[in-house]
Every structure is written in structure tokens, then in C-alpha cells.
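# Coordinate inspection notes
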Amino acid sequence: MIVTKSSASAMPHIEAGNLSLVYDTPSGQVCALEDVSFGIEASEFLCIVGPSGCGKSSLLNIIAGFLAPTGGEIRIGGEPVTDAASTAASCSRISPSSSPGARRWETSPSASR
């Protein structure tokens, strides 16, 4: 998996710093992420692509607070992500209920067909 960023600012909204994740399996340790760092600005759109097994879901689970990294840190709005509750608190201002039209598909007349 490759994550790149063309420009950086003083404080990104979502920031990953030197993330690593190692799974312990019966066959030994498996490195899912190694030294991943990036910043995402508010309103910025980021796609994470890569082959099966490269760590995409592991990265998203760490950002969401569902998994703890074995190294490094995630920050949202400058606050460290320690668990899913801290992520929910950091993201509450961008929830669908606070974004008019964000869930338009649920209320569209064509959605019931």
C-alpha cells in the first residue's frame, strides 16, 4: 500500500504518524502496516487502494479506533485516537445528521423502489 501527499499544512484534520500494526498468528507475526504516515485536511478526499491483504482495512480500523496500532499514533482534530469512542467524539461535527443532504439517498422517492 502506498499513501502519498503532495502538500502538508501545520495541522491536518486526520494525521497518522509512523503507524505500525503486527498481528500475532499461530504461524508467527504478520506485519500489516509498517511506518505509515500521512495527513488529511478537512474536506479533503483520500482513496486508499491496494491489493488484497496489504493493510487497507487494518488502517481504516486503526483510524476508527477499533484496533490499536503496535506503533505510531492517529490524531483527529489534534486529539489522539485511543478507541472508537474517542473517534466518535472527534467526528461528531461531521455526522450525517449535521450535514444536510449527506443521506439524500435514504429520503429520495426512488430509494423505496
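Conventions adopted
- Residues numbered from 1 in each chain as written.
- Predicted model: local features only at pLDDT ≥ 70, side-chain atom pairs only at ≥ 80, totals over all residues.
- Heavy atoms only, no water.
- Helix = DSSP H or I, 4+ residues; strand = E, 2+ residues; numbered from the N terminus.
- Buried < 20%, exposed > 50% of the residue type's maximum accessible area, 1.4 Å probe, protein only.
- Contact = heavy atoms within 4.5 Å.
- Areas by Shrake-Rupley, 256 points an atom, 1.4 Å probe, with all protein chains shown as cover.
- Core = buried A, V, L, I, M, F, W, Y, C linked by side-chain atoms within 4.5 Å.
- Pairing = 2+ DSSP bridges.
- Axes fitted to C-alpha atoms, helices over the stretch in contact; angles between N-to-C directions.
- Salt bridge = Lys/Arg side-chain N within 4 Å of Asp/Glu carboxyl O.
- Arc of directions from axis to C-beta.

### What to know about the overall build of the protein
When helices and strands are tallied, the protein shows three helices and four strands. Each helix and strand of the protein, ordered N terminal to C terminal, gives the series β-β-α-β-β-α-α. In the protein, which comprises 113 residues, the share counted as buried stands at 24%. Considering only contacts within the protein whose residues lie at least 6 apart along the sequence, 49% involve residues at least 24 apart. A total of about 7700 Å² of accessible surface is found on the protein, and carbon and sulfur atoms cover 55% of it.

### Focus: the nonpolar core
In this structure, L19, F38 and I74 are the most contacted members of the largest nonpolar core, which totals 15 residues. The biggest single contributor to this core is strand β2 (residues 28–40), with five residues. If sequence neighbours within four positions are ignored, L19 has contacts with L33, E34, D35, V36, L59, I62, P69, G71, G72, E73 and I74.

### Regarding the sheet that holds β2
An order of β2-β1-β3-β4 is seen for the four strands of this open sheet, with the pairing classed as antiparallel. Only two strands of the sheet have a single partner each, and these edge strands are β2 and β4 (79–80). As judged from the nine bridges shared by strand β1 (residues 14–25) and β2, these two strands associate in the antiparallel manner. Of the residues in β2, the one forming a bridge with E15 is G39. The sheet strands contacting helix α1 (residues 56–64) are β1, β2 and β3 (71–76), and the helix crosses β2 at an angle near 65 degrees.

### Notes on the pattern of salt bridges
Throughout the structure, instances matching the rule amount to one salt bridge. Put simply, E73 and R75 hold a salt bridge, and the shortest N to O gap is 3.0 Å.

### A few points about the pairing of β1
As a general feature of sheets, a regular strand has side chains that alternate between the two faces. If you look at the hairpin formed by β1 and β2, you'll find two residues sitting between the two strands. Relative to β3, β1 runs antiparallel, the two being bridged by five bridges. Looking across to β3, one finds that A16 is bridged to I74.

### Some details on α1
Among the residues of α1, S58, L59, I62 and I63 are the ones counted as buried. The arc that holds every buried residue of α1, seen down its axis, measures 135 degrees, which confines them to one face. G65 sits one or two positions beyond α1 and adopts a positive phi of about 90 degrees.

### Some remarks on the side chain of S58
Here S58 lies in helix α1. The class of S58 is buried, set by a relative accessible area of 10%. Apart from residues no more than four positions distant in its own chain, S58 is found in contact with L21, Y23, A32, L33 and L67.

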